[in-house]
Amino acid sequence: STNTTKIRLHDGKSEHSFPADSSCCQDDGILGCDSLDLSPSHEEEIDVEPKEKETCCSCLRHMTRPVLICMALVFFKRVALESIVGAAPIVTKNRYGWTIDDVAALQVVNGLIIIPACLFAGYLSTKYEDRLMALCFLSITLFGMVIMFDVSDLMAYHASVTYNEFFILSTGEFRYVTGSLIAFIGVEVCESFTASMMSKVVPSKMAKGTFNAGLLETLVGTGGRAIGDLFVTAMGLLSIRNLLNLLILPGMGLVASSIIMILWNYELLGV
């Protein structure tokens, strides 16, 4: 029998057959091909699919549950991070009378500590799964925020307009700095594992073009920062005296929700 090549066009039209030893061309400009060398009694089918127009909506249509979970983790961590770092100048000035130089020194220490922490996280990533490391560092973040939480402010014991300095359960400068460093390291290192985890669960159709998973992650992170800043402003207008607890308590809730979300969908995030 004559060797033929079948070309199936996904445009609602029928198949077109061409001799295998000759060039093939369509007058309407849809298809053109060179000579095809086929083995005897062999037919090759080539599917020509129309290219989908690249839009934001087309990217969202390919969104999967693991990707949504990773996006939520990025958003929650950004809001929690703003509660820790973004509000530091306001909290430290009103509670401890810190100056701009004191706050700058704290941020320098944060920057110096995060470098070896990220190197250590890179080493851990070669030994353990991303989902397990994300759980561990979210737990570290939650522990640091618990240290920062001022229990004495819940007892209606306000001996000062700043904080209850001489009450044993109050959050002094040492507790605040320690908790801030621990929480900051945990949330920053966890972000690298979340990004790694997302890169492995994202569908191939969301990994190309302009409207891809990377763009969505950037938009979600930026939105988390904006919401966090608005939240800090709203809580500051509500009560400067209790600003620390007003920020830390919801932040603890977001981090705890992230931990529960990973545990609930642990198998889905396995890569």
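It should be emphasised that the depicted structure is a prediction, and the values quoted were computed from it without experimental measurement.

A. Expanded view of the overall build of the protein. Helices and strands together make up the secondary structure of the protein, namely eight helices and five strands. Its helices and strands taken in sequence order, the protein reads β-β-β-β-β-α-α-α-α-α-α-α-α from the N to the C terminus. Counting every position in the protein, which comprises 271 residues, the buried fraction comes to 40%. Of all intrachain contacts in the protein linking residues separated by at least 6 positions in sequence, the fraction that spans at least 24 positions is 72%. Accessible surface for the protein amounts to roughly 14900 Å². Of this, 64% is attributable to carbon and sulfur atoms.

B. Focus on the confidence of the model for the protein. On average, the protein scores 77 in pLDDT, and the residues at 70 or more come to 71%. Overall, residues 34–50 carries pLDDT values under 50, and its contacts beyond four positions in sequence, including any with other chains, amount to 38 contacts.

C. Molecular detail of the packing of aromatic side chains. Within the structure shown, the criterion is met by four aromatic pairs. Through a chain of ring-to-ring contacts, three or more aromatic side chains come together here, namely Tyr96, Trp98 and Tyr176.

D. A look at the side chain of Asp130. Tracing the backbone through its elements, the reader meets Asp130 in helix H5 (residues 130–148). Under the relative-accessibility criterion, Asp130 is labelled buried at 6%. Of the polar contacts made by the side chain of Asp130, one reaches the side chain of Lys200; its length is 2.9 Å. Filtering out sequence-adjacent residues up to four positions away, Asp130 remains in contact with Phe193, Ser196, Met197 and Lys200.

E. Expanded view of a negative patch on the surface. On the surface, Asp101, Asp102, Glu165 and Glu173 cluster together into a patch of negative charge. Within the fold, Glu173 resides in helix H6 (residues 173–201). Using a relative accessible area of 38% as the deciding quantity, one classes Glu173 as partly exposed.

F. Molecular detail of helix H2 (residues 65–86). The end-to-end C-alpha separation of H2 is 30 Å, in line with the 32 Å expected for 22 residues at 1.5 Å each. Counting buried positions over the 22 residues of H2 gives 16, a clear majority of the element.

G. Representation of the nonpolar core within the structure. Formed by 55 residues in total, the largest nonpolar core has its most connected members in Tyr176 and Val189. Contributions of two or more residues to this core are made by H2, helix H3 (88–96), helix H4 (100–125), H5, H6, helix H7 (213–238) and helix H8 (243–264). The element best represented in this core is H6, accounting for 12 residues. Leave out the neighbours within four places in its chain, and Val189 touches Ile114, Ala117, Cys118, Ala121 and Phe137.

H. Broad picture of the pattern of salt bridges. Within the structure shown, the criterion is met by four salt bridges. A salt bridge links Asp150 to Arg95; the nearest nitrogen and oxygen atoms lie 2.7 Å apart. Of this pair, Asp150 sits in the loop between H5 and H6 while Arg95 sits in helix H3, placing them 55 residues apart in sequence. Across the pair Arg131 and Glu129 runs a salt bridge whose closest N-O atoms are separated by 2.6 Å. Judged by its relative accessible area of 11%, Arg131 falls in the buried class. The class of Glu129 is partly exposed, set by a relative accessible area of 35%.

I. Here's a closer look at H3. Of all the positions in H3, only Ala88, Val91, Thr92, Arg95 and Tyr96 are classed as buried. In a view along the axis of H3, the buried residues occupy a sector of 90°, so they form one face of it. Directly after H3, the chain includes Gly97, whose backbone phi takes a positive value near 70°.

J. Summary view of the packing of H5 against H8. Between H5 and H8, the least distance of the axes is 9 Å, while the angle of their chain directions is 160°. With respect to H8, the axis of H5 lies roughly antiparallel. The chirality of how H5 crosses H8 is left-handed. Across the interface between the two elements, Arg131, Ala134, Leu135, Leu138, Ser139, Thr141, Leu142, Met145, Val146 and Met148 from H5 touch Leu244, Ile248, Gly251, Met252, Val255, Ser258, Ile259, Ile262 and Leu263 from H8. For the contact of H5 with H8, the residue count by class is 14 nonpolar, four polar and one charged.

K. Broad picture of the environment of Leu132. By the element assignment, Leu132 lies in helix H5. With relative accessibility at 32%, the residue Leu132 sits in the partly exposed group. In the structure, Leu132 is positioned 131 residues away from Leu263 in sequence and 9.5 Å away in space, judged by C-alpha atoms.

L. Geometry of the side chain of Ser258. Considering the arrangement of structural elements, one finds Ser258 in helix H8. A residue is classified by how much of its surface remains accessible, and Ser258, at 1% relative accessible area, is buried.

Rules used in this analysis
- Residues numbered from 1 in each chain as written.
- Predicted model: local features only at pLDDT ≥ 70, side-chain atom pairs only at ≥ 80, totals over all residues.
- Heavy atoms only, no water.
- Helix = DSSP H or I, 4+ residues; strand = E, 2+ residues; numbered from the N terminus.
- Buried < 20%, exposed > 50% of the residue type's maximum accessible area, 1.4 Å probe, protein only.
- Contact = heavy atoms within 4.5 Å.
- Areas by Shrake-Rupley, 256 points an atom, 1.4 Å probe, with all protein chains shown as cover.
- pLDDT = per-residue confidence, 0-100.
- Phe/Tyr/Trp six-rings, centres within 6.5 Å; stacked < 30°, edge-to-face > 60°.
- Polar contact = N/O pair within 3.5 Å; in protein donor to acceptor, adjacent residues only side chain to side chain.
- Patch = residues over 30% accessible without salt bridge, like charges linked within 9 Å, V, L, I, M, F, W, Y side chains within 5 Å.
- Salt bridge = Lys/Arg side-chain N within 4 Å of Asp/Glu carboxyl O.
- Lys, Arg positive; Asp, Glu negative; His and termini not counted.
- Charge placed at Lys NZ, Arg CZ, Asp CG, Glu CD.
- Expected span 1.5 Å × (residues − 1).
- Core = buried A, V, L, I, M, F, W, Y, C linked by side-chain atoms within 4.5 Å.
- Arc of directions from axis to C-beta.
- Axes fitted to C-alpha atoms, helices over the stretch in contact; angles between N-to-C directions.
- Parallel < 35°, antiparallel > 145°, perpendicular 65-115°, else oblique.
- Left-handed = near helix turned anticlockwise from the far one by under 90°.
- Nonpolar A, V, L, I, M, F, W, Y, C, P; charged D, E, K, R; others polar.

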